[in-house]
Amino acid sequence: MTPEHFEQGQLVAVLTTQPLDRLLDYKAPEGGVWLGAYVEVPLGPRKVMGVVWGPGKGDYDHSKIRSVIRTLDVAPMRQEMRSFLSKAADYTLTPMPAMLRLATRAPGLGDPPGKRLVYRLGPSRPDRMTAAREKVLAVFEEYGGLSFTLGEVAEMAGVGTSVVKGLVKLGAVAEEEAPRDTPYPPLDPDHGGKDLTPDQAKGAMVLREAVRSGTYGTTLLRGVTGSGKTEVYLEAVAECLRMGRQALVLLPEIALSGEFIDRVEARFGMRPAEWHSGVTSTERRRCWRMVGQGDAQLVVGARSALFLPFRDLGLVVVDEEHDTSYKQEDGVLYNARDMTVLRASLNGAQVVLASATPSLESWANVEAGKYARLDLTSRFGAAVMPKMRAIDMRAEDLPGGQWVSPTLANGVRDRIAKGEQALLFINRRGYAPVTLCRACGHQIGCDHCDARMVEHRFLKRLMCHQCGETKPMPTVCPHCEAEDRLSPVGPGVERLAEEAAVLFPEARIAVLSSDLYGSARALKAHIAEIAEGAADVIIGTQLVAKGHNFPKLTLVGVIDADLGLQGSDLRAAERTFQLMRQVAGRAGRAEAPGEAVLQTFQPEHPVIRAILAGDEEAFWNAEAGERRAAGVPPYGRMAGIVLSSTNSQEVFDLGAAMARQDGPLRRIGAQVYGPAPAPIARVRGRHRVRLLVKAEKSAPLQAALAEWVGQFRLRGELRIQVDIDPQSF
Ligand code: ADP
Ligand code: ZN
């Protein structure tokens, strides 16, 4: 048994956030130290943060061992959290210090609570206004009575701190002391519940019972968009609150969560804690600490909220569980959905995975009896799923350089005439995906990546969607120097907007693409306006597929339904199916019945047919059959190993050596494929090569991978990244 408390002078082993491959021994400080305590320890000349992980070894000269400097004033890390971090590290083959960094991403988390200076709107307005002053006051006005730190105000307003200080002198901004890290106001589980439909009531009852059991379990909550899944899982949250345990709701694309927070407030009377990149650093610290001491009952957050130090986590909801943004693609590569299940199983917590189009992984887990399944079969109220049909593009008379078929255009005109909205969907940002020289055939590419530059006409620049590099649109071909021969090829959302303006001259047209708005806030405001009817025709990318309600929208036209089916990626069919269903689900939510049309050159393709038939089970069964036959996830295990270096010879040599020395993998019956250029072969000047490892479901893949990778020394610029369950394979 590990002791819970160490007396002064006893040796403790500390896990730090520094990239070391072992724990470090220290002496417990005056007053002793608790197991799991967050501490500050000396490391060489520096002070670093760490967590007391167990008793020290002390198998060397004790007199050389230094003392813990101080224990931080936060609740010690609980045993469940420590085992969660080690198991997650084992699963993702991530070093422990990197896991600890994920779990401590709150700025200044060890600073004493005390007081801090905050700023709020003052009583008087300055006589002389400047643009900078206007910006500062606008921030306060937007957030009503809220107060912020000096740095936050300056950052949000986009001005220097001196502008704010100047306004304090003039009395337009008030400076005051406020206590740090106050508890979140209590939520009332019985405030504002809705009358549920019989379908919803049954689902809510099942989930409430599961939460009351106080044990681990996972439920897949399925139902088309608008079927009331959110209402149902909020009932599970309510039950969790009644039990005095904490709940977490994970959302993808957290930038769009404003609407969701309002709903939570309407349901529970108060706003929950929020955790995502858009939250101020003060608020992050407060959230982290309050979660740890049990003074935040509900957190709504992005995937990394899963690493908050909950005191007693009773329920985690993963909304839109199929969403690819749950997979973290740099740093620690983890899938928040899978890690949620791991964490919940260690905490005796329930998991609800909600989706209109669940991932094949979750579906397979239901099939295998590991997850329970709850279906909401109808849409709430009178709304029904839109009628779906294909437009066979082979039969449409459409000149080159145009993308909206006459049939679709007529449909749009119809809706405009009725005062309803139509959405034209294309999953491509920018004006055109390719810029081609008509004289020599040259395509403009990124200088640092193996990717084409995409024209963004609003910005008047070319942009690389891999690395974000932009350059001005050239007037002569960089290859043959021909003048004025560069032309756009293929459609992007901006180009489609141009076409729509010609086709529907009387319509108000709005473009929704994530790159067109300065801030998440601006984007959110814009979406809300459009939803209220500020546009007749919406031109949108993937962004519109996610979560927002457009009550007036009754026609969705998918410009290129074949787009996702072309890749060699084995998940392509699943992605296309999900995306098309989600987009179609935007139509006809409330009063008016909706219609969704898919423009396709291959209406006989099985995926297109399954989408049109709305037959999810048929799609799942067909897709599961193919994956099973190929032995790939979720019926087999895979890992991607990406090697990268600025020197292409070096990466290929290492890749070849790894493929040859595959003993540890062969011993578990796994196969290695590659090396081959990674899906993106060059990023920011680094060459990337990928090996794929495939194993049986039951094989001990991680241990074999660790042994295999461990055989190779990484010199110079070489980097290895192991990606368990890669998104594309
Ligand atoms: P989903 O999460 O499945 O997309 P929602 O829970 O968001 O569905 O429900 C869709 C819409 O219907 C929302 O505006 C929601 O407030 C409303 N709604 C759902 N169930 C009820 C109910 N029982 N009573 C009143 N409104 C409801
Ligand atoms: Zn690039």
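The protein is annotated in an unreviewed UniProt entry as Replication restart protein PriA of Flavimaricola marinus. Recorded in UniProt under Subunit (unreviewed entry), the annotation for the protein is "Component of the replication restart primosome." Its UniProt record gives the protein a comment under Sequence similarities (unreviewed entry), which states: "Belongs to the helicase family. PriA subfamily."

## Quick word on the overall build of the protein
Broken down by element type, the protein carries 20 helices and 31 strands. In terms of overall dimensions, the protein has C-alpha extents of about 85 × 75 × 60 Å along its principal axes. Within the protein, the proportion of its 729 residues that are buried is 44%. Sequence separation of at least 24 residues holds for 74% of the intrachain contacts in the protein that already meet a minimum separation of 6.

## Quick notes on unusual backbone geometry
A negative phi angle is the norm for most residues apart from glycine, just as the trans form is the norm for most peptide bonds. Residue Pro634 is bonded to the preceding Pro633 through a cis peptide linkage, with omega at 5 degrees. With respect to the helices and strands, Pro634 occurs in the loop between α17 (616–630) and β28 (636–645). Backbone torsion omega between Gly674 and Pro675 reads 10 degrees, so that peptide bond is classified as cis. Looking at the element boundaries, Pro675 is found in strand β29 (residues 671–683). Not every positive phi belongs to a glycine, and Glu320 is a case in point at roughly 55 degrees. Looking at where Glu320 falls in the secondary structure, it is placed in the loop between β14 (313–319) and α10 (336–347).

## Digging into the UniProt feature "binding site: Zn(2+) 2" (unreviewed entry) in the protein
The sites that UniProt annotates as "binding site: Zn(2+) 2" (unreviewed entry) are Cys446, Cys449, Cys464 and Cys467. The annotated residues occupy 22 residues of the chain but converge on a single region, no pair of C-alpha atoms lying more than 8.8 Å apart. Take Cys446: it is sitting in the loop between β19 (434–437) and β20 (453–456). Residues within four places of Cys446 in sequence aside, it is in contact with Ala451, Met453, Cys464, Gln466, Cys467 and Glu469. The residue Cys449 is located in the loop between β19 and β20 in this model. A count of 22 C-beta atoms within 10 Å places Cys449 in the buried class. When residues no more than four places from it in sequence are discounted, the contact partners of Cys449 are Cys464, Gln466, Cys467, Ile680, Arg682, Val683 and Arg684.

## A few points about the packing of helix α1 (residues 79–92) against α10
Put simply, α1 and α10 touch, their axes get as near as 9 Å, and they point 145 degrees apart. Viewed along their axes, α1 and α10 form a crossing whose handedness is right-handed. Two secondary-structure elements touch here, α1 through Glu80, Ser83, Phe84, Lys87 and Ala88 and α10 through Met339, Leu342, Arg343, Leu346 and Asn347. Here the residues of the contact of α1 with α10 are counted per class, giving 5 nonpolar, 2 polar and 3 charged.

## Structural notes on the sheet that holds strand β6 (residues 46–55)
The sheet built from 5 strands is open, its strands ordered β3-β2-β6-β5-β7 with antiparallel pairing. Unpaired on one side and paired on the other, β3 (24–27) and β7 (70–71) mark the two borders of the sheet. Relative to β6, strand β5 (residues 38–43) runs antiparallel, the two sharing 6 bridges. Bridge pairing in β6 places Pro42 opposite Lys47.

## Here's the deal with the UniProt feature "binding site: Zn(2+) 1" (unreviewed entry) in the protein
In this structure's numbering, the residues bearing the UniProt feature "binding site: Zn(2+) 1" (unreviewed entry) are Cys437, Cys440, Cys477 and Cys480. In summary, the annotated positions, though distributed over 44 residues, converge in three dimensions, the widest C-alpha pair being only 8.6 Å. If you trace the backbone, Cys440 turns up in the loop between β19 and β20. A residue is classified by how many C-beta atoms lie within 10 Å of it, and Cys440, with 12 of them, is exposed. Contact partners of Cys440, with chain neighbours within four places excluded, come to Cys477, His479, Cys480 and Ala482. In this structure Cys477 comes out as buried when scored by C-beta crowding, with 21 C-beta atoms within 10 Å. Ignoring any residue separated from it by four or fewer positions in sequence, one finds Cys477 in contact with Cys437, Ala439, Cys440, His442, Ala482, Arg485 and Leu486.

## Considerations on the environment of Trp53
Note that Trp53 resides in strand β6. It is 39 Å that separates the C-alpha atoms of Trp53 and His687, two residues lying 634 residues apart in sequence. If we ignore the near neighbours within four places in the chain, the residues touching Trp53 are Ala13, Val14, Leu15 and Leu23.

## Here we look at the sheet that holds strand β13 (residues 298–301)
Here 7 strands make up an open sheet; going across it, the order is β12-β13-β11-β14-β15-β10-β16 and the pairing parallel. At either end of the open sheet lies a strand with only one pairing partner, and these are β12 (273–275) and β16 (372–376). Taken pair by pair, the neighbouring strands of this sheet meet at an average axis angle of 20 degrees, ignoring direction.

## Here's the deal with α10
With 12 residues, α10 extends 16 Å between its outermost C-alpha atoms, agreeing within 8% with the 16 Å of an ideal straight helix rising 1.5 Å per residue. All buried positions along α10 are accounted for by Ala336, Arg337, Met339, Thr340, Val341, Arg343, Ala344 and Asn347. Buried positions along α10 lie against α1, β10 (217–223), β11 (246–250), β14 and β15 (350–355). After α10 finishes, the residue Gly348 shows a positive phi value of roughly 60 degrees.

## Some words on the nonpolar core
Counting 87 residues, the largest nonpolar core has Val14, Tyr233, Val237, Leu250, Val299 and Val316 as the members making the most contacts within it. With 8 residues, helix α7 (residues 229–242) is the single largest residue contributor to this core. The contact partners of Val299, leaving out residues within four places of it in the chain, are Leu248, Pro272, Ala273, Trp275, Cys287, Val291, Ala305 and Leu308.

Criteria and cut-off values
- Residues numbered from 1 in each chain as written.
- Chains lettered and ligands numbered in written order.
- Predicted model: local features only at pLDDT ≥ 70, side-chain atom pairs only at ≥ 80, totals over all residues.
- UniProt positions renumbered as here; feature names shortened; annotations may be inferred.
- Helix = DSSP H or I, 4+ residues; strand = E, 2+ residues; numbered from the N terminus.
- Buried ≥ 20, exposed ≤ 12 C-beta atoms within 10 Å, placed from the backbone.
- Contact = placed C-beta atoms within 7 Å.
- Axes fitted to C-alpha atoms, helices over the stretch in contact; angles between N-to-C directions.
- Left-handed = near helix turned anticlockwise from the far one by under 90°.
- Nonpolar A, V, L, I, M, F, W, Y, C, P; charged D, E, K, R; others polar.
- Pairing = 2+ DSSP bridges.
- Expected span 1.5 Å × (residues − 1).
- Core = buried A, V, L, I, M, F, W, Y, C linked by C-beta atoms within 7 Å.

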